[in-house]
Amino acid sequence: MAETMKIQQTLDCKGLLCPLPIIKLSKAIKGIQVGEIVEMLATDPGSVPDVKAFQAQTGHEILASEQQAGVYRFLVKRTK
Amino acid sequence: MGEKTKRLAMVASKGTLDQAYPPLILATTAAAMGWEVGIFFTFYGLDILHKKRLEHLQVSPVGNPAMPPPIPAIPMLKVPTFMGALPGMTAMATTMMKGWMAKAKLPTVKEMLDLCVEADVQLIACATTMGVMGIRQEDLIPQAQCAGATTFLDYASAADVSLFI
């Protein structure tokens, strides 16, 4: 399902640790329109619960959270 | 998510390199989630806002049993904590920590402060510390606002999360 959605921006956060991935995700969300999607790639295992907590705190929606070959991939939609 | 903007109020009371990071990491993260953030820098914590000193924060090996052995392959060579008091050990511990941080692509203290400023984090310089330690407003980064404990408590009284670091 994720593959058919239009991704507005891709953030490469591979190799970065907290707090950088969430700071970059937050900036990217501010830079897109409501309804648009950011893709984030990360290698920090902490990013999995952190992106979930980002959703809980901000309301921006996680459409996908998956892992392939040590890389975590998230799709986050701006909701407001 | 609640209607009201959440607020994080922190006291940063330590001026070592390792202790400078937790408040800065929490501040930038909270701001990234849309929270209001204020940090009250007091006593040695004020060095984090000091234009010259913030670039030279150090790790103290004295009384720090967490310091790793200098040669990771030979853990039994771990330096006894009392040797942390020897000349040059603080510089060595600081160099080691800065090396790990650079390898992990962690921003420097200055870069973390820039992220705080960009995210409108309130950086409050403790007025009493400035008086006790002879630190002037012009010694601090321009975004530092001088205020006392009353200002911080007024700010913190409306906070959802308050931390002393």
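You'll find the structure just up there.
Quick summary incoming for the structure in this document. Throughout, residues of each chain are indexed from 1 in the direction in which the sequence is written. In the order they appear in the text, chains get letters beginning with A and ligands get numbers beginning with 1. For this predicted model, a pLDDT threshold of at least 70 governs which residues receive local features, and a threshold of 80 or more governs which side-chain atom pairs are given and counted, while totals over whole chains, interfaces and linings are taken from all residues.

### A look at the overall build of chain B
Summing up its helical and strand segments, chain B has 5 helices and 5 strands in all. In chain B, the order of α-helices and β-strands from amino to carboxyl end is β-α-β-α-α-β-α-β-α-β. Its C-alpha atoms put chain B at 55 × 40 × 25 Å along the principal axes. The 165 residues of chain B split such that 34% are buried. By the criteria applied, helices consist of DSSP H or I runs no shorter than four residues and strands consist of E runs no shorter than two, each listed in order from the N terminus. Here the C-beta atoms are placed from the backbone, and a residue counts as buried if at least 20 other C-beta atoms lie within 10 Å of its own, exposed if 12 or fewer do, and partly exposed otherwise.

### Here's the deal with helix 3 (residues 109-118) of chain B
Note that an α-helix has 3.6 residues per turn; residues three or four places apart therefore point the same way. Taken together, the buried positions of helix 3 of chain B are occupied by B:Val109, B:Met112, B:Leu113, B:Leu115 and B:Cys116. Down the axis, helix 3 of chain B shows its buried residues gathered within 155° of arc, on one side only. Of the exposed residues in helix 3 of chain B, those oriented more than 90 degrees away from the buried face are B:Glu111 and B:Glu118. Any pair of residues counts as being in contact when their C-beta atoms, constructed from backbone geometry, are within 7 Å of one another. For helix 3 of chain B, the secondary structure elements touched by its buried residues are helix 1 (20-30) of chain A together with helix 1 (17-32) and strand 3 (122-126) of chain B. The directions from the helix axis to the C-beta atoms are what the arc is built from.

### Some words on unusual backbone geometry
Here the bond from A:Cys18 into A:Pro19 is cis, since omega is 10°, no more than 30 degrees from zero. Relative to the assigned elements, A:Pro19 resides in the loop between strand 1 (7-13) and helix 1. Backbone geometry at B:Asp120 places phi at a positive 60°, although glycine is not the residue there. Examined against the element boundaries, B:Asp120 turns out to sit in the loop between helix 3 and strand 3.

### Comments concerning the environment of B:Cys146
All names here are of chain B. Residue placement: Cys146 occurs in strand 4 (residues 145-147). Overall, Cys146 belongs to the partly exposed group, with 16 C-beta atoms counted inside 10 Å. Measuring from C-alpha to C-alpha, the distance between Cys146 and Trp35 comes to 22 Å, with 111 residues separating the pair along the chain. Residue contacts for Cys146: discarding those within four places in its chain leaves Ala125, Ala127, Met130 and Gln137.

### A look at the interface of chain A and chain B
Taken together, the contacts link 12 residues of chain A with 11 residues of chain B. Listing elements by their share of the side of chain A that touches chain B, those giving two or more residues are helix 1 and helix 2 (47-58) of chain A. A class-by-class count of the residues in the side of chain A that touches chain B yields 7 nonpolar, 5 polar and no charged. Following the grouping adopted for this structure description, the nonpolar residues are Ala, Val, Leu, Ile, Met, Phe, Trp, Tyr, Cys and Pro, the charged ones are Asp, Glu, Lys and Arg, and the polar ones are all others, Gly among them.

### Points about the sheet that holds strand 1 (residues 7-12) of chain B
Residues and elements named next belong to chain B. Reading across the sheet, the 5 strands line up as 4-3-2-1-5 and stay open at both edges, with parallel pairing between neighbours. Whereas interior strands pair on both sides, the edge strands pair on one side only; in this sheet they are strand 4 and strand 5 (161-164). On average, each strand axis in the sheet is inclined to that of its neighbour by 20°, with strand direction left out of account. Being paired, for any two strands, means DSSP has found at least two bridges between them. Pairing of strand 2 (residues 36-41) with strand 3, which is carried by 4 bridges, proceeds in the parallel orientation. Across the sheet, the residue bridging to Phe40 is Ile124, located in strand 3. Throughout, an axis means a line fitted to C-alpha atoms (over the contacting stretch in the case of helices), and angles, computed between N-to-C directions, take values from 0 to 180 degrees.

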